[in-house]
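Here is what each chain is made of, one letter per residue.
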Amino acid sequence: MKKHYAPSELIINEDGSCFHLHLKPEFLADKIILVGDPARVNTVATHFDSIEHEVSSREFHTITGTYKGKRITCQSHGIGCDNIDIVVNELDTLANINYSTREENDEHRTLTMVRIGTCGGLQPFTPTGTFIASVKSIGFDGLLNYYAWRNKVCDLKMEEAFTKHMSWDPIKGAPYVAVADPDLINQIAADDMVRGYTVACGGFYGPQGRELRLPLADPNQNEKVESFEYDGMKICNFEMESSALAGLASMMGHRAMTCCMVIANRYAKEMNTEYKNSIDTLIAKVLDRI
């Protein structure tokens, strides 16, 4: 017997759209570009040859259209892994649950999701302007720990090595290591993006080692993160969504990865606030390759 999803669990708006995104199943493409900033959806859509649907609700802005014959949905998610939990779950329901019967579809539909974002570089070889593809992401947010299948999709040996290296305080909750789809990494990163590990933080200031008026629990956190090495690779950057995206997508049977442009290098203490024009180069690369 198929599982029936109650109205309290699968919340469907009166117009037949999903609760937060206000998107209907027929307007979701198999290829999805994810961006944090709702305004960046318009930037992506300027590359489209045609637009078939647009909807906006809170920080969630969606445009579905075509690019060089490919049907693509561009979806904004706002900031943080908690928003990724909303977006990926609702996109999956649109793809794999019948909104009329509230039951899972007979055939699984696989989505391909590429997040285009900005980040802080952590190594001398990741100056501002570098494009980084996140091969594995260390989640400081704890999101995946709420799902039963988290151990099936995480690199448990790397988690152990990282927590030992960091002298991790358990009061912060257990970090997890989510693995991006390797074939998608090869497809998108090609030979002109730096491949490495990413830390997805639960905040922009303290969790990323920024100290303003509040002292940090671990003032040496960033130095320890920068020095961590596993299987010949280092942690290249900080951002705030890649771990949840890779982990949730993997559990649900989708393909996902994150690629970011470095707009601040924490190692060199450099910042580029005029990045919005140059990120269009990364957008064009992803659209061509997805």
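Placed above this text is the structure.
Below or above, wherever it landed, is the structure these notes cover. Keep in mind it's a predicted model, so treat the numbers as computed, not measured. (Residues numbered from 1 in each chain as written. Predicted model: local features only at pLDDT ≥ 70, side-chain atom pairs only at ≥ 80, totals over all residues. Heavy atoms only, no water.)

## Some details on the packing of aromatic side chains
Tallying each qualifying case throughout the model produces six aromatic pairs. With a centroid separation of 6.1 Å and 45° between ring planes, the pair formed by phenylalanine 162 and tryptophan 168 is classed as tilted. Residues phenylalanine 162 and phenylalanine 228 carry aromatic rings whose centres are separated by 5.2 Å and whose planes lie at 90° to one another, so their mutual orientation is edge-to-face. Taken together, the residues phenylalanine 162 in helix α4 (residues 156-166) and phenylalanine 228 in the loop between α6 (221-227) and β11 (229-230) connect sequence positions 66 residues apart. The class for phenylalanine 162 is buried, based on a relative accessible area of 1%. Looking at phenylalanine 228, the relative accessible area reads 3%, which means it is buried. Grouping aromatic residues by their ring pairs yields a cluster made of Phe140, Phe162, Trp168, Phe228 and Tyr230. Stacked on the ring of tryptophan 168, the Lys or Arg lysine 172 has its end atom at 5.0 Å from the ring centre. Between arginine 210 and the ring centre of phenylalanine 204, over which it is positioned, the NZ or CZ distance is 3.9 Å. (Phe/Tyr/Trp six-rings, centres within 6.5 Å; stacked < 30°, edge-to-face > 60°. Helix = DSSP H or I, 4+ residues; strand = E, 2+ residues; numbered from the N terminus. Buried < 20%, exposed > 50% of the residue type's maximum accessible area, 1.4 Å probe, protein only. Lys NZ or Arg CZ within 6 Å of the ring centre and 35° of its normal.)

## Some words on the packing of helix α2 (residues 81-96) against helix α7 (residues 242-252)
When two helices pack together, their arrangement is given by the angle between the helix axes and by the axis-to-axis distance. Orientation of α2 relative to α7, taken along the N-to-C sense of each, is 25°, at an axis distance of 9 Å. Taken together, the axes of α2 and α7 lie roughly parallel to each other. As α2 runs across α7, the sense of the crossing is right-handed. For the pair formed by α2 and α7, the contact residues are Cys81, Ile84, Asp85, Val88, Asn89 and Asp92 on the first element and Ser243, Ala244, Leu245, Leu248, Ala249 and Met252 on the second. Of the residues contributing to the contact of α2 with α7, the split by class is eight nonpolar, two polar and two charged. (Axes fitted to C-alpha atoms, helices over the stretch in contact; angles between N-to-C directions. Parallel < 35°, antiparallel > 145°, perpendicular 65-115°, else oblique. Left-handed = near helix turned anticlockwise from the far one by under 90°. Contact = heavy atoms within 4.5 Å. Nonpolar A, V, L, I, M, F, W, Y, C, P; charged D, E, K, R; others polar.)

## Considerations on the environment of threonine 46
With respect to the helices and strands, the residue threonine 46 is situated in the loop between α1 (38-45) and β2 (50-57). For the pair threonine 46 and tyrosine 67, spaced 21 residues apart in sequence, the C-alpha separation works out to 9.9 Å. Reaching out from threonine 46, the side chain makes a polar contact with the backbone oxygen of threonine 43 at a distance of 2.5 Å. (Polar contact = N/O pair within 3.5 Å; in protein donor to acceptor, adjacent residues only side chain to side chain.)

## Regarding the pattern of salt bridges
All chains considered together, the criterion is met by 13 salt bridges. For lysine 224, the salt bridge is made with aspartate 218, and the minimal N-O distance between the two is 2.7 Å. Classification of aspartate 218 as buried rests on a relative accessible area of 18%. When salt bridges with common partners are traced through the structure, they connect Arg115, Glu239 and Glu241 into a single cluster. (Salt bridge = Lys/Arg side-chain N within 4 Å of Asp/Glu carboxyl O.)

## As for α4
Two residues of an α-helix separated by three or four positions point the same way, owing to the 3.6 residues in each turn. Of all the positions in α4, only Met158, Glu159, Phe162 and Met166 are classed as buried. Projected down its long axis, α4 shows its buried positions confined to an angular sector of 105°, all on one face. Facing away from the buried side of α4 by over 90 degrees, the exposed positions are Lys157, Glu160 and Lys164. Capping the start of α4 is the job of one residue whose side-chain oxygen sits 3.3 Å from the backbone nitrogen of lysine 157: aspartate 155. Note on α4: the residue one or two positions beyond its end, serine 167, has a positive phi of about 50°. (Arc of directions from axis to C-beta.)

## Let's talk about the pairing of strand β8 (residues 131-139)
The buried count for β8 comes to nine of nine residues, which makes it a mostly enclosed element. Two elements, β8 and strand β13 (residues 255-265), share three bridges in a ladder whose sense is antiparallel. Along β13, the bridge assignment pairs phenylalanine 131 with methionine 261. Looking at chain direction, β8 and strand β10 (residues 194-200) are connected through seven bridges and run parallel. Its bridge partner lying in β10, isoleucine 138 is registered against valine 199. Two strands pair when backbone bridges link them, and β8 and strand β9 (residues 176-179) are joined in this way by four bridges, in the antiparallel orientation. (Pairing = 2+ DSSP bridges.)

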